[in-house]
Amino acid sequence: MGLKEELLRLLREDEEFRYAVAGLLGLGEVLAELKRLREDFNKFVEESQRRWEENNKRWEENNKRWEENEKRWEANWRRWEENEKRWAEWFETWKKFLEDYFNFKSEVNKRFSRLEENLGALTEAVYTRYVWEDLSTELRASGEAVVRRIRNADFDGVEVDLLVETEKRVYVVEVKVRPRIDDVGALLAKAEVVGSQVGKPVVPVLAGSYVGREVEAYARGKGVLVFTY
């Protein structure tokens, strides 16, 4: 067997000889680098696998958190819907209460208005009687004979609480529980209207319970008789 054939046989059968030859040829460093690359690749694969496993765990934890958050949101939505229903019920209840209250208030105001009108009419009737009694006494004392006496007399839309006419003059009576200066002015205007129609001197008369000093002084200054009860 020649040298060539022997070398080929050793390369095929003897691994150490084969590496020795490869080392001599410069292939040893290449093989070592390939081995390192394979080891590094295996490490990279293992590290990547570990990272994927960790990421999977994080994603599973995040999924759990999202599920819990979703449950919380659903619970919150249910609470908000319940609160909205409660607010709607409260609003309707309050609205009904206000409607009932204003209806009741309106009815009470109507009743008070009717009561006030009735009390006003009653007070006017009582005070008119008092004025008539006092005025008739004065008229008899002065010798004036009463021609007519009219309650709620009307002169072209001008209403007079009490009209007392004698042979000489006419008395126009205005009854107010608490008269004001404006009421004195209104009385003087009524007296002027009556005087223009009856053709006799007119004496304005003011009667009330609470006649202030200022009002009384003003009235007397305008020639108004004042009766206080």
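Preceding block: the structure.
These numbers come from a predicted model, not from an experiment. (Residues numbered from 1 in each chain as written. Predicted model: local features only at pLDDT ≥ 70, side-chain atom pairs only at ≥ 80, totals over all residues. Heavy atoms only, no water.)

Considerations on the overall build of the protein chain
Across its full length, the protein chain holds five helices and five strands. Partitioning the contacts of the protein chain with sequence separation of at least 6, the portion at a separation of at least 24 is 48%. (Helix = DSSP H or I, 4+ residues; strand = E, 2+ residues; numbered from the N terminus. Contact = heavy atoms within 4.5 Å.)

Notes on the packing of aromatic side chains
If you walk through the whole model with that rule in mind, you get eleven aromatic pairs. When the ring of Trp94 is compared with that of Phe97, the centres are 5.2 Å apart and the planes differ by 25°; the resulting orientation is stacked. Of this pair, Trp94 and Phe97 both sit in helix 3 (residues 27-142), separated by three residues, roughly a single helical turn. With a relative accessible area of 41%, Trp94 lands in the partly exposed category. Chaining the aromatic ring pairs together yields one cluster made of Trp87, Trp90, Trp94, Phe97, Tyr101 and Phe102. Against the face of Trp132 rests Arg149, its NZ or CZ located 4.5 Å from the ring centre. (Phe/Tyr/Trp six-rings, centres within 6.5 Å; stacked < 30°, edge-to-face > 60°. Buried < 20%, exposed > 50% of the residue type's maximum accessible area, 1.4 Å probe, protein only. Lys NZ or Arg CZ within 6 Å of the ring centre and 35° of its normal.)

Remarks on the nonpolar core
Judged by nonpolar contacts, the single largest core of 16 residues is most densely connected at Phe155, Leu163, Val172, Val194 and Leu206. Those elements that place two or more of their residues in this core are strand 1 (146-155), strand 2 (158-166), strand 3 (170-175), helix 4 (181-198) and helix 5 (213-221). Setting aside anything within four residues of it in sequence, one finds Val194 in contact with Phe155, Val160, Leu163, Val170, Val172 and Val202. Ranked by size, the runner-up nonpolar core spans 13 residues in total, among them Tyr127, Val173, Val205 and Phe227. (Core = buried A, V, L, I, M, F, W, Y, C linked by side-chain atoms within 4.5 Å.)

Re the sheet that holds strand 5 (residues 225-228)
Read across the sheet, five strands follow the order 1-2-3-4-5 without closing on themselves; strand pairing throughout is mixed. One side of each edge strand has no neighbouring strand; the edge strands of this open sheet are strand 1 and strand 5. Taken pair by pair, the neighbouring strands of this sheet meet at an average axis angle of 25°, ignoring direction. The strands touched by helix 4 within the sheet are strand 1, strand 2, strand 3 and strand 4 (202-208), with strand 4 carrying the most contacts at an inclination of about 145°. (Pairing = 2+ DSSP bridges. Axes fitted to C-alpha atoms, helices over the stretch in contact; angles between N-to-C directions.)

Comments concerning the side chain of Lys190
Tracing the backbone through its elements, the reader meets Lys190 in helix 4. Engagement of the side chain of Lys190 in a polar contact is seen with the side chain of Glu174, the distance being 3.0 Å. Those residues within four positions of Lys190 in sequence are excluded, and the remaining contacts are Val158, Glu159 and Glu174. (Polar contact = N/O pair within 3.5 Å; in protein donor to acceptor, adjacent residues only side chain to side chain.)

Brief notes about the side chain of Thr128
As for its position among the elements, Thr128 is in helix 3. Each residue touching Thr128, except ones within four places of it in the same chain, is listed here: Arg151, Leu162 and Val175.

Some words on the pattern of salt bridges
Following the criterion strictly, the structure yields eleven salt bridges and no others. Glu54 is the partner of Arg50 in a salt bridge, and the nearest nitrogen-oxygen pair spans 2.5 Å. Remark: Glu54 and Arg50 occur in helix 3; sequence separation between them is four residues, near one turn of the helix. The salt bridge involving Glu144 is made with Arg169; its shortest N-O contact spans 2.5 Å. Of this pair, Glu144 sits in the loop between helix 3 and strand 1 while Arg169 sits in the loop between strand 2 and strand 3; the two residues are 25 residues apart in sequence, bridging distant segments of the chain. Classification of Arg169 by relative accessible area gives partly exposed; the value is 27%. Taken together, the shared-partner salt bridges connect Glu47, Arg50, Arg51 and Glu54 into one network. (Salt bridge = Lys/Arg side-chain N within 4 Å of Asp/Glu carboxyl O.)

A closer look at the environment of Leu206
Note on placement: Leu206 falls in strand 4. The class of Leu206 is buried, set by a relative accessible area of 0%. Considered as a pair, Leu206 and Val131 are 75 residues apart in the sequence and their alpha carbons are 9.1 Å apart. Filtering out sequence-adjacent residues up to four positions away, Leu206 remains in contact with Glu174, Pro179, Val184, Leu187, Val215, Ala219, Val224, Leu225, Val226 and Phe227.

Let's talk about unusual backbone geometry
Trans peptide bonds make up the majority, and among non-glycine residues the majority have a negative phi. Non-glycine residue Asn152 carries a positive phi angle of around 55°. Looking at the secondary structure, you find Asn152 in strand 1. The phi torsion at Asp156 lies on the positive side, around 50°, for a residue other than glycine. Following the sequence through the fold, Asp156 ends up in the loop between strand 1 and strand 2.

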